[in-house]
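Here is what each chain is made of, one letter per residue.
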Amino acid sequence: MTVSQSSFQAALLDPSLAAPNGLCNPDGQQASKRYDVYRNNVAVSLTDALVAGFPVLHKLVGDQFFRAMAGVYLRKHPPKSPLMMYYGEEMPQFLRRFQPAQSLKYLPDIAKLEIAMRRAYHAADATPIDPQRLSEIAPNQLLSSRVRLAPALAIIRSDYPIHAIYLANTTADAPAPIMRPETVLVTRPNLDPEIHLISQASASCIATLMQGSPLGETLTDETLDLGATLSLLLGQSAVTEIY
Amino acid sequence: MLDHNSDNHLPPLPGVGYKPQHYSAILADPAPVGWLEIHAENYMGNGGRPIAQLRHLAERFPISVHGVGLSIGGEGALDKDHLARLKHLVDWLNPASFSEHLAWSTHDSHFLNDLLPLPYTETTLTRVCDHIDEVQETLNRQMLLENPSSYLAFAESTLSETEFLRRVTQRTGCGLLLDVNNVFVSATNLKTSPQDYIDDFPLTAVGEIHLGGHDEDEDETGAPLLIDSHGAAIVDPVWALLDYTLERSGPKPTLIEWDNDVPDWPELAAEATRAATALSKVTA
């Protein structure tokens, strides 16, 4: 009697399946409670990884709700790689369809933001340019110049006040969120990711720059304050090259 | 078979599993810790604080890289992407040791984040040896293989765990990581003698010892069921089993593993001090 890893794995994630035959206690009897140690280890370790990866989501819904939700998530989306630091990539889509969380419409975007912050935390190091470099560029060349941006950078657009919700759950004395769309820029000036509330125009500008387009092509929105956007990027050590 | 990398070994001193919350405390006063162990997978990001800290620590301490995700006991082929990430880490860090587990954790592209057991048969022996050959050839270094904690036995097993491990070392030239707490946990759970296990273990192949805490439970028959949790202090019978082992093996690099409910540095350092005392009682 051989126990295949397929059958061992299937019952780990499906509590309705009995422990595979061929596993025994020291007296040679079926060992279902012993098998349950592995079931429990898998569920608890993956749940703990999600708790660690989504601290704001966890705080927003509470420990009991989060762990119950994680139990559903981990069976639907077991990890595809041993890099647990990135586990939970499908959480935004999952939350959009997860019936018990339907009343909290902003949860998927909070999950997106937390994923972006984790990616930023582990993103490649980048050496920023001296902000002075920008002023050395001749005015007639500025609009045809392009910039390379740090790999930690990410933009999250939301119909909900995700910046305010994030701050209200991570910092003392943060103002209560007011209902409005918000767009967040994730940066990592040194080793810790930061979030910044930015305008739609600024977000479009940065997204265009990320694609490698010249500065001049970002000027499609008259509400854009290009100077402020560039100083935010430079101040956050997010510009690694200007060419 | 690979040659040993002769100038870059773990010292026969206590080490601890590195936790980022201890970063400043370790740099300020590491005594009695002589080396650090990291989980490989936590340092496979592209940059940022984890890698910056590791670079800094590696200037001060010999580092042991301990993998938890390679799935050496897996029925399928090793994950080539994961092996490439491991090679990248080992190449830039040049650690004093690399170790992994006699276990599987990935099947059918799903990673289960636990060390799952395998039966000990000629078939699994061949598979484990093939995977270890591939790892050692890719990394161009010897690896250590760790004995697991067992909660159950496979009816199909035909080899004892010690015989299985001995034959793995003979066929691949790998070393062994002897987890004394795992020996105690398995022996309790499977009603065998931990001393007999140590007596039968190929101690000359041991490059590192692990110690950790476990939880106590019972199975449905009321028999004790110990669970390897790495979340508590090391119990006295495990310290006694360390003494028993060291008397036979001589001093070995000895690690305190505490991964869950991690204590403040002084409590962890006190466990390392107790390991230093055990090591000081034996001579090479």
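These numbers were taken from a predicted model, which means no experiment stands behind them.

**Q** Residues and numbers for the pattern of salt bridges, please.
**A** Applying the stated rule across the entire model yields 22 salt bridges over all chains. Two residues, Asp217 of chain B and Lys33 of chain A, come together in a salt bridge whose shortest N-O distance is 3.7 Å. Taken together, the positions of Asp217 of chain B in strand 11 (residues 214–218) and Lys33 of chain A in helix 2 (residues 32–53) put the pair across two chains. Across the pair Arg67 of chain A and Asp63 of chain A runs a salt bridge, and its minimum N-O distance is 3.0 Å.

**Q** Explain the sheet that holds strand 4 (residues 97–101) of chain B residue by residue, including any values.
**A** Residues and elements named next belong to chain B. In spatial order, the strands read 1-2-3-4-7-9-10-13; together these eight strands close into a barrel with parallel pairing. Between one strand axis and the next, the sheet turns by 25 degrees as a mean value, whatever way the strands run. Pairing of strand 4 with strand 7 (residues 144–146), which is carried by three bridges, proceeds in the parallel orientation. Across the sheet, residue Ser99 finds its bridge partner in strand 7, namely Leu144.

**Q** So what's going on with the interface of chain B and chain A? Which residues, and what values?
**A** Bring the parts together and some accessible area is lost; that lost area is often taken as the interface size. In this complex, chain B contributes 50 residues to the contact, which on the side of chain A involves 45 residues. Between Lys191 of chain B and Asp27 of chain A there is a salt bridge whose closest N-O contact spans 3.3 Å. Within the residue set of the side of chain B that touches chain A, elements represented by two or more residues are helix 2 (49–60), helix 3 (80–93), strand 5 (104–107), strand 6 (110–116), strand 8 (153–154), strand 11 and strand 12 (224–228) of chain B. The element contributing the most residues to the side of chain B that touches chain A is strand 6 of chain B, with seven residues. Of the residues in the side of chain B that touches chain A, the class split is 20 nonpolar, 16 polar and 14 charged. In this structure, strand 1 (residues 23–24) of chain A lies alongside strand 8 of chain B, joined through two bridges in antiparallel fashion. Residue Leu23 of chain A lies in a different strand from strand 8 of chain B, and its bridge partner there is Phe154 of chain B.

**Q** Hey, could you go over the sheet that holds strand 4 (residues 182–187) of chain A for me, with residue numbers and the actual values?
**A** All names here are of chain A. What the three strands build is an open sheet, ordered 3-4-5; its pairing is antiparallel. Each edge of the open sheet carries a strand with a single partner, namely strand 3 (154–158) and strand 5 (194–198). Sheet twist, expressed as the average angle between the axes of neighbouring strands with direction ignored, equals 25 degrees. Bridge count between strand 3 and strand 4: five bridges; the pairing is antiparallel. Pairing of Ala154 across the sheet is with Val186, part of strand 4. Most of the contacts of helix 6 (residues 107–122) go to strand 3, to which it runs at about 175 degrees, and overall it touches strand 3, strand 4 and strand 5.

**Q** Summarise the packing of aromatic side chains; cite the residues concerned and give the values.
**A** According to the stated counting rule, one finds 10 aromatic pairs over all chains in the structure shown. Plain terms: the ring middles of Phe8 of chain A and Tyr38 of chain A are 5.7 Å apart, the flat faces sit at 70 degrees to each other, and that makes the pair edge-to-face. With Phe8 of chain A in helix 1 (residues 5–13) and Tyr38 of chain A in helix 2, the pair connects residues that are 30 residues apart, well separated along the chain. Taking the relative accessible area as the measure of exposure, Phe8 of chain A reaches 1% and is therefore buried. An aromatic cluster of at least three residues, connected via ring pairs, comprises Phe8, Tyr35 and Tyr38 of chain A together with Trp104 and Tyr151 of chain B. Taking the ring centre of Phe54 of chain A as reference, the NZ or CZ of Arg118 of chain A above it sits at 4.7 Å. Sitting over the ring of Tyr244 of chain B, Arg248 of chain B keeps its end group 3.4 Å from the ring centre.

Calculation rules
Residues numbered from 1 in each chain as written. Chains lettered and ligands numbered in written order. Predicted model: local features only at pLDDT ≥ 70, side-chain atom pairs only at ≥ 80, totals over all residues. Heavy atoms only, no water. Salt bridge = Lys/Arg side-chain N within 4 Å of Asp/Glu carboxyl O. Helix = DSSP H or I, 4+ residues; strand = E, 2+ residues; numbered from the N terminus. Pairing = 2+ DSSP bridges. Axes fitted to C-alpha atoms, helices over the stretch in contact; angles between N-to-C directions. Contact = heavy atoms within 4.5 Å. Nonpolar A, V, L, I, M, F, W, Y, C, P; charged D, E, K, R; others polar. Phe/Tyr/Trp six-rings, centres within 6.5 Å; stacked < 30°, edge-to-face > 60°. Buried < 20%, exposed > 50% of the residue type's maximum accessible area, 1.4 Å probe, protein only. Lys NZ or Arg CZ within 6 Å of the ring centre and 35° of its normal.

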